Amino acid sequence: MSDAAERLAHIRATIARAEADGGRISGAVSLVAVSKTHDGVAIRPFLQVGQRVFGENRVQEAKGKWPELRHEFPGVELHLIGPLQSNKVRDALALFDVIETIDRPKLARAVADEIQRCGRQPRCLVQVNIGREGQKAGIDPDQTTALVDLCRQQFHLPISGLMCIPPAGLDPVPFFRQLAALAKELALAEISMGMSGDYLQAIACGATSVRVGSALFGPR
Ligand SMILES: *Cc1c(COP(=O)(O)O)cnc(C)c1O
């Protein structure tokens, strides 16, 4: 087996065990392979062994490598997991199947308008600044309900879930629990949380997708 195949098999097996341990249905947790900073040469081995769901944090970077890879490997689902500026919305919607980083009314409106214009309908998640960190992207937890309501009622922008990145250096579990509780309150099915260092805890707290980069691709 190649390195890529081995790492992928290992992570998939670990996820499957965590699903079983948590009493979750097998396949309940989707693996988003975070390929940011890695080029086509590094990504191709994962596509060759069947991985189809990938995450990128920059629109411009993704635009440079994914059209060709998608052409080679049908069935790719690409997630935008980094901040989105309103002036990049058109490019983002042309490329991404899932936008995980809706975090303010202006952006939600721009995405809704572009969906109307281009007819593509990505799944959209709201990013929550779950640790209420000053510099961090994401909507404040206390304003999340209002933003989701605004998206649903004013913009007719369906929101399918919530995403978060807990503060670095703290136990992520309380933050994962808060995000899961918020998603439940809002009847949102998708919960995107957990990265290379904490995806097992995230699954135990109810994640439906985990975003794993360095554990698959190696250090950046
Ligand atoms: C880079 C990144 C990840 C993956 O991080 P790893 O620690 O490499 O697994 C997950 N989510 C987001 C939003 C990221 O930017």
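Residues numbered from 1 in each chain as written. Predicted model: local features only at pLDDT ≥ 70, side-chain atom pairs only at ≥ 80, totals over all residues. Heavy atoms only, no water.

Chemist: Residue-level account of unusual backbone geometry, with values.
Modeler: The phi dihedral of arginine 132 is positive, around 50°, even though this residue is not glycine. Inspection of the secondary structure puts arginine 132 in the loop between β5 (123-128) and α6 (144-153). Non-glycine residue histidine 156 carries a positive phi angle of around 50°. As for its placement among the helices and strands, histidine 156 is situated in the loop between α6 and β6 (161-164). (Helix = DSSP H or I, 4+ residues; strand = E, 2+ residues; numbered from the N terminus.)

Chemist: Please set out helix α3 (residues 59-72) residue by residue, giving values where relevant.
Modeler: The end-to-end C-alpha distance of α3 is 20 Å, a good match for the 20 Å that 14 residues give at a rise of 1.5 Å each. At tryptophan 66, α3 is bent by approximately 40°, the largest bend along its length, and proline proline 67 sits one to four residues beyond. Buried residues along α3 sit in contact with α2 (40-48), β2 (53-56), β3 (77-80) and α4 (89-95). (Expected span 1.5 Å × (residues − 1). Bend = angle between axes of the 7 residues up to and from the residue. Contact = heavy atoms within 4.5 Å.)

Chemist: Describe the environment of phenylalanine 176, listing the residues and the values that go with them.
Modeler: In this structure, phenylalanine 176 sits in helix α7 (residues 173-185). Not counting residues within four places of it along the chain, the set of residues in contact with phenylalanine 176 comprises Cys164, Pro166, Met193, Gly194, Asp198, Gln201, Ala202 and Cys205.

Chemist: Describe the pairing of β5, and please don't skip the residues or the numbers.
Modeler: Counted residue by residue, β5 has five buried out of six residues, so it is predominantly covered. Note that strand β4 (residues 98-102) and β5 share three bridges and pair parallel. Across the sheet, the residue bridging to isoleucine 99 is cysteine 124, located in β5. Bridge count for β5 against β6 is four bridges, and the pairing is parallel. (Buried < 20%, exposed > 50% of the residue type's maximum accessible area, 1.4 Å probe, protein only. Pairing = 2+ DSSP bridges.)

Chemist: Mind laying out helix α1 (residues 3-21), listing which residues take part and the relevant values?
Modeler: Helix length check: α1, at 19 residues, gives a terminal C-alpha distance of 27 Å against a target of 27 Å (1.5 Å per residue), a fit within 8%. Buried residues of α1: Ala4, Ala5, Leu8, Ile11, Thr14, Ile15, Ala18 and Glu19, and no others. Residues of α1 that are buried in the fold lie against β1 (30-34), α2, α8 (199-204), β8 (209-212) and α9 (214-217). Once α1 finishes, glycine 23 follows within two positions and takes phi at roughly 70°, a positive value.

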